[in-house]
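Below are the chains, spelled out letter by letter.
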Amino acid sequence: QGKALVRPPDQMELTEAELKEDITRILTANNPHAPQNIVRYSIKERSYKPINVVDQMAVHCVLEGSLVHQDSEEFDLRYKYLFVGFPQVNPVVDGGDVEEAGDEDRPDSAVSRINKKEPKVTNQFNFSNRASQTLNNPMRDRICQTEPPPRSSFSATANQWEIYDAYVQELQKQEKNKEKQKGTHSQKDNGKSKKVMLMETQSEDVTKWTMASKILERTISQNTFDDIAQDFKYFEDASDEFREQEGTLLPLWKFQYDKAKTLSVTALCWNNKYQDLFAVGLGSYNFSRQGCGMLLFYSLKNPAFPEYIYPTSSGVMCLDIHAQHSHLVAVGFYDGCVAVYSLKEEGQEPVYKSTAKTGKHTDPVWQVRWQSDDMDNNHNFYSVSSDGRVVSWTLVKNELVFTDIIRLTLNGAVSEGTEGAQGGVSSGTSFDFHKQIDYMFLVGTEEGKIHKCSKTYSSQFLETYDAHSMAVDTVKWNYFHPKVFVSCSSDWTVKIWDHTINTPMFVFDLQAAVGDVAWSPYSSTVFAAVTTDGTVHVFDLSVNKYEAICQQLVVDKKKTKLTHVEFNPIHPVIIVGDDRGYVTSFKLSPNLRKKPKAKKGHELPKGPEVEVAKMEKLLSLLREPDQNSG
């Protein structure tokens, strides 16, 4: 009969692909039946703790054998005497040499097997089975015991008599102290006690010590960042000679504060009196996640830590340092409040702050600017907010007195005072006052328009410019030329304007949303702008009227966005803030601050008139003939 495969009835029917599929099974040395929940009491922690090391070996069968290999030393020592026995003397028959055949003559005797060296023949029945097992290291618990801290139980009862006695003792002590003070006063004619003198000397010592420690800290910081300080003072990029018109930015110090990593840099401002000091406002542009803010003051002499720290309950959106009184700082917040901080005052609270009763804004404050003192020599500053109000704040004694200057509306009308606006409120986003004409100022709106206004004539706008298609982030007058201002927006453009003409003189497309723009204080034709893709753009219109002479990526454009930029008043340095709370300083290369060359035998003219003429020369090329004559 032929062979036939017999299949059980419950066998599965598999396809060729399923039969060819490789199924991997992994064998591990872990015992599935080993207990995993064994705990032991730990005296150190005074609780039961689970044991991490579990014995994974499982012994299935153990047999102890008594077989010994015949060629081993153990066999020789243990069984040789048993098989050989005592030696036997064989008698000699008739003086012959023939001995009787004993056990040694037998080929199968134990002695013959031992003495004769025969080749070893493996025998499957003559073997020994030995099992060995390695021991795991025994677990050891180390216990140390310290003496408990000394304890004492105290109990007392307080009744009326004991309270009365305590007050009497205290009164007696006070009377004795008064008598001692009278004695010291009588001994000294100058009217100052030793205690007061001692406190004054101690306070003087503390101030001297704090000043000495601050100087020491700055010295250590400058030694730490000595290479950067050398670059700031002496380095000039020699490669600019081969670039002709292009320039570069040299990274210097990077300022950061650990508690402000989650906040964005919302404002930057240099101190005009102390040119190494600048203020940083920290808040958030993410309006769905608003929280607290911070006001920091950094110095180039100590980039490791802020000089002053003022935490705020609301995010800081703008700030401005007074030009003459450099210790006064005006700050605008996201909740609509404005405040004034004084660096001379101790504590972290502002000396002035607006409230709902004193006319605070109802929307975020986007810009604040100090102005010259009023007729009574009171300090005052202006603010603009998304609620459409431009407000003047005056510092009178211990309060802020507000005055509404104008109210922005969508239809272009301006209502005086606090009366209701007609046609809807226009949100103000930025403003700037003219450097020479005190009453004139510009206001940028969320609708992309720029209004030229006057402090004294608030019934209507002096001029309206259709500037951008999105909100105007920044508008600033030129430091030298009285007719020129610059504006930027999130519509990717930066525009240069002549306020006597409704159309822009220059338009630059930066291919990304522009966060801020700033004029340089040393040239009328140089300005810088920062974009959200992490690039700093530096323009010099006298060198190139069509594109930037420096476009440098300074941060990771995928993770960080640049928000603000400011020029130092005297040094060739700019500071750039981003949305991660960092402020980075850069030094401008020589091509970015190039001055015109003097002709032979002629001195180079200096002064603001030269800068005005340089900008006027550019504008005359773009104006129409009738505008030039006018």
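- As named in an unreviewed UniProt entry, the protein chain is Dynein axonemal intermediate chain 1, taken from Pundamilia nyererei.
- Per UniProt, the protein chain has the following entry under Subunit (unreviewed entry): "Consists of at least two heavy chains and a number of intermediate and light chains. Interacts with BICD2. Interacts with CFAP45 and CFAP52. Interacts with CFAP53."
- Turning to the protein chain, the UniProt record has this under Subcellular location (unreviewed entry): "Cytoplasm, Cytoskeleton, Cilium axoneme".

## Thoughts on the UniProt feature "repeat: WD" (unreviewed entry) in the protein chain
- In the numbering used here, UniProt assigns the "repeat: WD" (unreviewed entry) feature to residues 465-498.
- Each end of residues 465-498 is marked by a C-alpha atom, and these two atoms are 11 Å apart; helix forms 0% of the span and strand 59%.

## Some remarks on the environment of Asn-591
- For Asn-591, the position within the fold is in the loop between strand E30 (583-588) and helix H7 (608-622).
- Separated by 42 residues in sequence, Asn-591 and Ile-549 place their C-alpha atoms 8.4 Å apart.
- Non-local contacts of Asn-591, meaning those with residues more than four positions away in its chain, are made with Asp-240, Arg-243, Glu-244, Gln-245, Glu-246, Gly-247 and Ile-549.
- A polar contact of 2.6 Å, which involves the side chain of Asn-591, links it to the backbone oxygen of Glu-246.

## Some remarks on the sheet that holds strand E5 (residues 277-283)
- The strand order across the open sheet formed by 4 strands is E4-E5-E6-E7, and the pairing between neighbours is antiparallel. With partners counted over all chains shown, the strands left at the sheet margins are strand E4 (264-270) and strand E7 (308-312), one partner each. Shown here is a sheet whose adjacent strand axes are inclined to one another by a mean of 20 degrees, direction ignored.
- The pairing of E4 with E5 spans 6 bridges and is antiparallel. Within E5, the residue paired with Trp-270 across the bridge is Phe-278.

## Some thoughts on the sheet that holds strand E13 (residues 380-385)
- Reading across from one edge, E12-E13-E14-E15 is the order of the 4 strands in this open sheet, with antiparallel pairing throughout. Each edge of the open sheet carries a strand with a single partner, namely strand E12 (365-371) and strand E15 (399-407). Ignoring which end each strand starts from, the neighbouring axes of this sheet average 25 degrees apart.
- Where strand E14 (residues 389-396) meets E15, 8 bridges bridge the pair, whose relative direction is antiparallel. Paired with Val-396 across the strands is Glu-399, a residue of E15.

## What to know about the confidence of the model for the protein chain
- With 83% of its residues at a pLDDT of 70 or more, the protein chain shows a mean pLDDT of 81.
- Overall, residues 86-104 carries pLDDT values under 50, and its contacts beyond four positions in sequence, including any with other chains, amount to 14 contacts.
- Across residues 417-421, confidence stays below pLDDT 50; counting only partners more than four residues off in sequence or on other chains, it has 9 contacts.

## Some remarks on unusual backbone geometry
- Here the phi dihedral of Asn-377 falls at roughly 60 degrees; this positive angle occurs in a residue that is not glycine.
- Along the polypeptide, Asn-377 turns up in the loop between E12 and E13.
- Residue Asn-377 is classed as exposed on the basis of its relative accessible area of 61%.
- Residues other than glycine seldom take positive phi values, yet Lys-397 does so here, at roughly 50 degrees.
- Among the structural elements, Lys-397 can be located in the loop between E14 and E15.

Cut-offs applied
- Residues numbered from 1 in each chain as written.
- Predicted model: local features only at pLDDT ≥ 70, side-chain atom pairs only at ≥ 80, totals over all residues.
- Heavy atoms only, no water.
- UniProt positions renumbered as here; feature names shortened; annotations may be inferred.
- Helix = DSSP H or I, 4+ residues; strand = E, 2+ residues; numbered from the N terminus.
- Contact = heavy atoms within 4.5 Å.
- Polar contact = N/O pair within 3.5 Å; in protein donor to acceptor, adjacent residues only side chain to side chain.
- Pairing = 2+ DSSP bridges.
- Axes fitted to C-alpha atoms, helices over the stretch in contact; angles between N-to-C directions.
- pLDDT = per-residue confidence, 0-100.
- Buried < 20%, exposed > 50% of the residue type's maximum accessible area, 1.4 Å probe, protein only.

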